Amino acid sequence: MVNIDPKQLTRIIRNIYGKSEDKFIPLHEPRFISDEKEVLIDCIDSTFVSTVGRYVAIFEDAIKSYTGAKYAIATSNGTSALHVALIACGVMPKDEVITQAFTFIATCNAIKYCHAEPVFVDISRENLGMCSNSLRSWITSNTIRQGKDLINKNTGARIAAVLPMNTFGHPCDLVELSIICKEFNIPLVEDSAEALGSSLENKHLGTFGDIGTLSFNGNKVITTGGGGAVITNNEEYAEKVRHLATTARVASDFTFEHNAIGYNYRMPNLNACLGVSQMKSLHHFIDEKRSVAEYYKDCFNDSNIEFFTEPLNSKSNYWLNTIIFENKNLRDLALEYTNNNSVMTRPPWKLMNKLEMFSKCEKSNLEVSEDLESRILNIPSSVPQDK
Ligand SMILES: *Cc1c(COP(=O)(O)O)cnc(C)c1O
């Protein structure tokens, strides 16, 4: 077994992204190698820079055909996409939504925007996303059925949805999670913000459950500056999302009439034009990102550092490459050394249940989340610049 120290780790990363020692290597930077500048100029010249413009529909069509979802609604960001997706599938104030503690804050913020509460279950070592065993065992020991509703025995609240996250672009166990959600009759919402370009059994992530969301923030696989999308095969959900995200305006030629408290969550045309252009590079980005992952996998093979690889039967976009150390101390030493040497690496998010706002939420045993939170490091994962 090879022992890779922080200095060698830095060299491994520099080998792809820049050998000169003073060059800063970010974790994930966007690449603009298509016709981004031309479409931006075209969009500005058209004067349609806000929500009404042809690029929004073109971008939505591109997302639909790439993911295979029947409907796509482009939104201002991934968090707003999650918020309206949760409302569309029926999450109401005082409800509870089961999610994972190992996720980015946006997942839980969106639940709170609905005035609902998150419930945290554990993640799986195989995929870093929601663990289906943990979900099933929490539901079985903590809920009772009351008519159509599944009720948390401890709080009396209704369980309104299950919200797993496809972590770092890897698919969680969506087949089993779908089975559980059908069995207990709860909507399955997939936070696939990190997972554009990833599939499980040849099905794009975000399309397994009732509704899914994507993000096109600057650090994601493709970017629109800021942006997101809701994808679904359910026509009723799609219409609700589109309506709510467009200030709940009633279709009409002249009058301004709104039939609910809606949101100004639609993606501006200026952002959508970038998305249209970025989508042209997506296949190339995924190929390149998967080559980077291959390279890392070889480097860490038979070493003291574990390189996290895609689960069985899946194709991951390897959004953020992930390495796992033997213990927290070794992880923290590598974290400090790389960042002190202009190579950006990052520990995962602090577990949601450890944040003040979510410290009183219901939760299961979070053994795997706790363990991996302390040993994981994300390493640079951008598409390498043209050689
Ligand atoms: C990026 C991300 C989001 C959405 O983020 P926005 O910045 O609002 O687009 C949501 N959930 C997860 C897990 C994310 O990584």
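The present account deals with the structure reproduced in this document. Residues take numbers from 1 onward in each chain, read along the sequence in its written order. Per-residue local features of the predicted model are confined to residues with pLDDT of at least 70, and side-chain atom pairs are confined, for both listing and counting, to 80 or more; whole-chain, interface and lining totals are unaffected and use all residues. Side-chain measures here rest on the full set of heavy atoms in the structure, leaving out hydrogens and waters.

## Digging into the site of the ligand
Part 1: Near, as used in this document, describes a residue that has one of its heavy atoms within 4 Å of the molecule or strand being considered. Near the ligand you find 14 residues, and of these Gly 78, Thr 79, Glu 194, Ser 215 and Lys 220 are the closest.
Part 2: Whenever two N or O atoms come within 3.5 Å, that pair is a polar contact, provided that in protein one can donate a hydrogen and the other can accept it, and provided that, for residues adjacent in sequence, both atoms are side-chain atoms. Within the contact set of the ligand, an oxygen atom lies 3.5 Å away from a side-chain nitrogen or oxygen of Asn 77.
Part 3: The separation between an oxygen atom of the ligand and a polar main-chain atom of Gly 78 is 2.7 Å.
Part 4: Surface exposure here means Shrake-Rupley accessible area, sampled with a 1.4 Å probe, where a residue is shielded only by the protein chains that are shown. Burial of the ligand by the surrounding chains reaches 91%, relative to a free accessible area of 380 Å².
Part 5: Amino acids outside the nonpolar list (Ala, Val, Leu, Ile, Met, Phe, Trp, Tyr, Cys, Pro) and the charged list (Asp, Glu, Lys, Arg) are all regarded as polar, and Gly is one of them. Classifying every residue of the shell around the ligand gives four nonpolar, seven polar and three charged.

## What about unusual backbone geometry?
Part 1: Phi angles above zero are rare outside glycine, and Leu 128 is one such case at about 65°.
Part 2: Mapped onto the elements of the fold, Leu 128 is located in the loop between strand S3 (117-121) and helix H6 (132-142).
Part 3: Whether a residue is buried, partly exposed or exposed follows from its accessible area with a 1.4 Å probe, protein chains only, as a fraction of its type maximum: under 20%, in between, or over 50%, in that order. A relative accessible area of 0% means that Leu 128 is categorised as buried.
Part 4: The backbone of Ala 248 shows a phi angle near 55°, a positive value even though the residue is not glycine.
Part 5: Structurally, Ala 248 is set in the loop between helix H8 (235-245) and helix H9 (269-279).
Part 6: Relative accessible area serves as the criterion here: at 0%, Ala 248 is assigned to the buried category. Secondary structure elements follow DSSP: runs of H or I no shorter than four residues count as helices, runs of E no shorter than two count as strands, and numbering proceeds from the N terminus.

## Some points on the packing of helix H1 (residues 6-17) against helix H11 (residues 328-340)
Part 1: Throughout, an axis means a line fitted to C-alpha atoms (over the contacting stretch in the case of helices), and angles, computed between N-to-C directions, take values from 0 to 180 degrees. Between H1 and H11, the least distance of the axes is 9 Å, while the angle of their chain directions is 55°. Judged by the angle between their axes, H1 and H11 are oblique. By crossing handedness, the relation of H1 to H11 is classed as right-handed. Taking contact as the criterion, the partners of Pro 6, Lys 7, Leu 9 and Thr 10 in H1 are, on H11, Leu 333, Ala 334, Tyr 337 and Thr 338.
Part 2: Across the contact of H1 with H11, the residue classes break down as five nonpolar, two polar and one charged. By the definition adopted for this analysis, an angle is roughly parallel if under 35 degrees, roughly antiparallel if over 145, roughly perpendicular if from 65 to 115, and oblique otherwise. Should the near helix be turned anticlockwise from the far one by less than a right angle, the crossing is termed left-handed; should it be turned clockwise, right-handed. Every residue pair with non-hydrogen atoms within 4.5 Å of one another is taken to be in contact.

## Points about the nonpolar core
Part 1: For this analysis, a nonpolar core means a set of buried residues of the types Ala, Val, Leu, Ile, Met, Phe, Trp, Tyr and Cys, connected via side-chain atoms within 4.5 Å. If you look at the biggest cluster of nonpolar residues, it comprises 48 residues, and the most contacted ones within it are Phe 59, Ile 63, Phe 120, Phe 216 and Ile 222.
Part 2: With residues up to four places along the chain from it excluded, the contact list for Phe 59 reads Ala 74, Phe 216, Ile 222, Thr 224, Met 267, Ala 272, Gly 275, Val 276 and Met 279.
Part 3: Ranked by size, the runner-up nonpolar core spans 26 residues in total, among them Ile 73, Val 97, Ala 110 and Cys 114.

## What to know about the sheet that holds strand S7 (residues 189-191)
Part 1: We call two strands paired when DSSP finds no fewer than two bridges between them. As summarised here, the arrangement of the four strands in space is S1-S11-S10-S7, forming an open sheet in which the pairing is mixed. In this open sheet, the two strands that pair with only one neighbour each are strand S1 (71-75) and S7. Taking the axes of each pair of neighbouring strands and ignoring which way they run, one obtains an average angle of 20° across the sheet.
Part 2: Relative to strand S11 (residues 228-232), strand S10 (residues 211-215) runs antiparallel, the two being bridged by four bridges. Counted as the bridge partner of Thr 213 is Val 230 from S11.
Part 3: Packed onto the sheet, H8 meets S1, S10 and S11 and runs at close to 20° relative to S1.

## Observations regarding H6
Owing to its 3.6 residues per turn, the α-helix brings residues three or four apart onto one side.
Part 1: Restricting attention to buried positions, one finds in H6 the residues Ser 132, Ser 134, Leu 135, Trp 138, Ile 139 and Asn 142. One side of H6 holds all its buried residues, which, seen down the axis, span an arc of 165°. In H6, those exposed residues whose orientation departs by more than 90 degrees from the buried face are Asn 133 and Thr 140.
Part 2: Elements that come into contact with the buried residues of H6 comprise strand S2 (96-100), S3, strand S4 (143-146), strand S5 (149-152), strand S6 (159-163) and helix H7 (174-184). Comment: arc refers to directions from the helix axis out to C-beta atoms.

## Side note on the pattern of salt bridges
Part 1: When a carboxyl oxygen of Asp or Glu is within 4 Å of a side-chain nitrogen of Lys or Arg, the pair counts as a salt bridge. According to the stated counting rule, one finds 18 salt bridges in the structure shown.
Part 2: The residue Arg 54 makes a salt bridge to Asp 42 at a minimum N-O spacing of 3.4 Å. Of this pair, Arg 54 sits in helix H3 (residues 54-67) while Asp 42 is found in helix H2 (residues 36-46), placing the two residues 12 residues apart along the sequence.
Part 3: Note that Arg 266 is salt-bridged to Glu 60, the shortest N-O span being 2.8 Å. Here Arg 266, found in the loop between H8 and H9, pairs with Glu 60, found in helix H3; they are 206 residues apart in sequence, far enough to count as distant. Pair check on accessibility: Arg 266 and Glu 60 agree, each one buried.
Part 4: What emerges from the salt-bridge pattern is a single network uniting Glu 60, Arg 242 and Arg 266.

The values are spatial; any link to function lies outside them.
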